[in-house]
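Letter by letter, the chains look like this.
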Amino acid sequence: MKSPIPDYLRNVLEKARPLEGGEPANYIDVLADADPSRMAVSLCTVDGSVYSVGDDEVEFSIQSISKPFVYALAIQDQGLEAVLEKVGVEPSGDAFNRLSLEAGTNRPMNPMINAGAVATHALIASPNGSVEKRVDRIVQALSRLAGRQLHVDQEVYEAELKDANRNMGIGYMLKAAGMIACDPQDAVRGYIAQCSINVNVRDLAVMAATLGNAGIHPVSGERIIPQESVRQVLSVMATCGMYNSSGEWISNVGIPAKSGVSGGIIGALPGQLGLAVFSPRLDERGNSVRGVAMCKKLSHDMGFHMMDMSQIGRASVRSWTTTIAGGSKMPHACEEQVAVFELRGAVRFAGAERLTRAIMREIRPDEKGREGRPCAVIFSFRHTYSLNDVARRLIHENIHRLAVDTNVVVIDPAGVLKLPEDDPMKPIVAVVQNEAEARDYVGGIGCKIVSTADDI
Ligand code: DON
């Protein structure tokens, strides 16, 4: 069968093609000469399937789309605290090239406007290091994200450097405010080189999907960006990524995003995908006209808005009782009820809380106030895709409370539960691979299930 997804993407592209508004960026002559008929769109899922249509191999300079990735790199090189001393996280509502600093702290407002991006660039590698070193580190990091070697486009670099007075002004402003340690001209030169790295939409979709996949590269499976940095980067993209149209963007499209003046836009949808669009004509805020239209359509058609409540992420909990007639060498003298709890899906607090409620429903005090304990409790995590930290902690606590006076058996072939080595209950909680092993553990070899009742 032919996948319907590329056909759909072609439709997205063609619906945006008639939009003639806007102009390519005119302050860099190479960009001003860009062919405005070029258009492309690409999606990359968090498990690495890349779809793209249109001019998907045409390269263009990454420009401001480099900013979120370099911000992640600065956090890696200096730590978040040091980065926050030099660059804020407040949306500015200003144009991207505004010479502005935050009142009180003197920091640039955020890392997505030029002032913040130049200060962020200056933190790469070592604050007193050379331009070449910083640029090389950024090119290598972006190449790793794209999955291929990228290069600085010298023609774009020279063209932008020719008339970089505004960004040079930003550099001197940052130096005077004590926000950069290096020479201001060097900081701006390095920043312009970072903006001049060439990419195509497929590269950008994969790079964005790494953010959407909590920092793990969707194709290679390598951890590239620590999860806490991804949270920071996506938060800043969501609030500041589209400059002075960030509010409109997040309410309309609902995807953390970043645009660039050569006509690209990326979006990173947490847990689902990365997307990238390209078309050179820009609106008055510096965002691609057709690119914005394509992103809006994708978001509306595909339910990509991150605040969309159309699906409540429920983990499912099933629970039932089984009566087992003991077999030979029965370790636990019982021909009694065993409570089984099965947890499915990607489990966070809400799913673990549902499991907790199910346990409390089953193992509750009788009329005389005594807790009616089954002979054993089996937890099945066979269909649990993942537990986040809070879910894991809550489930560990449930197991602690039960294991004090009940046999607890855990079916966990993928090892999602991760009871720590020093957990006091570890020695008495049996971890097995499947249902048959759990049954034999509780009832002894050769035991039989006498009856099963659903929905305890
Ligand atoms: O700083 C500049 O002027 C550019 N090299 C990058 C700006 C940019 O891409 C703004 N994005 N919309």
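None of these values were measured; they are calculated from a predicted model.

S.K.: Is there a simple way to explain the domain arrangement of the chain in this structure?
M.R.: Reports often express the size of an interface as the amount of accessible area lost when the parts come together. Split into domains, the chain comes out as domain 1 (5–302) and domain 2 (316–449). Computed from C-alpha coordinates alone, the two centres of domain 1 and domain 2 are separated by 48 Å.

S.K.: What should I look at first to understand the environment of Pro111 in this one?
M.R.: The residue Pro111 is located in the loop between α4 (80–86) and α5 (114–121) in this model. The exposure class assigned to Pro111 is buried, which follows from its relative accessible area of 1%. Sequence spacing of Pro111 and Lys418 is 307 residues, and the spatial spacing of their C-alpha atoms is 37 Å. Not counting chain neighbours up to four residues away, the residues in contact with Pro111 comprise Lys67, Tyr71, Val87, Gly88, Gly116, Ala117, Thr120 and Val236.

S.K.: When you look at the pairing of strand β2 (residues 50–54) in this model, what are you seeing that I'm missing?
M.R.: Two faces, one strand: in a regular strand the side chains alternate between the faces of the sheet. Summarising the sheet, strand β1 (residues 40–45) and β2 pair through five bridges and their orientation is antiparallel. For Val41, the partnering residue across the bridge sits in β2 and is Val53. In sequence, β1 turns back onto β2 through a hairpin of four residues, with Gly48 there showing a positive phi of about 90°.

S.K.: I would appreciate a short explanation of the environment of Leu150 in the present structure.
M.R.: Structurally, Leu150 is set in the loop between α6 (131–146) and α7 (154–162). Overall, Leu150 belongs to the buried group, its relative accessible area being 1%. In the structure, Leu150 is positioned 86 residues away from Val236 in sequence and 25 Å away in space, judged by C-alpha atoms. Excluding residues within four positions of it along the chain, Leu150 makes contact with Val139, Leu142, Ser143, Ile197, Asn198, Val199 and Asp203.

Reading guide: rules and limits
Residues numbered from 1 in each chain as written. Predicted model: local features only at pLDDT ≥ 70, side-chain atom pairs only at ≥ 80, totals over all residues. Heavy atoms only, no water. Domains from an automatic or database assignment. Helix = DSSP H or I, 4+ residues; strand = E, 2+ residues; numbered from the N terminus. Buried < 20%, exposed > 50% of the residue type's maximum accessible area, 1.4 Å probe, protein only. Contact = heavy atoms within 4.5 Å. Pairing = 2+ DSSP bridges.

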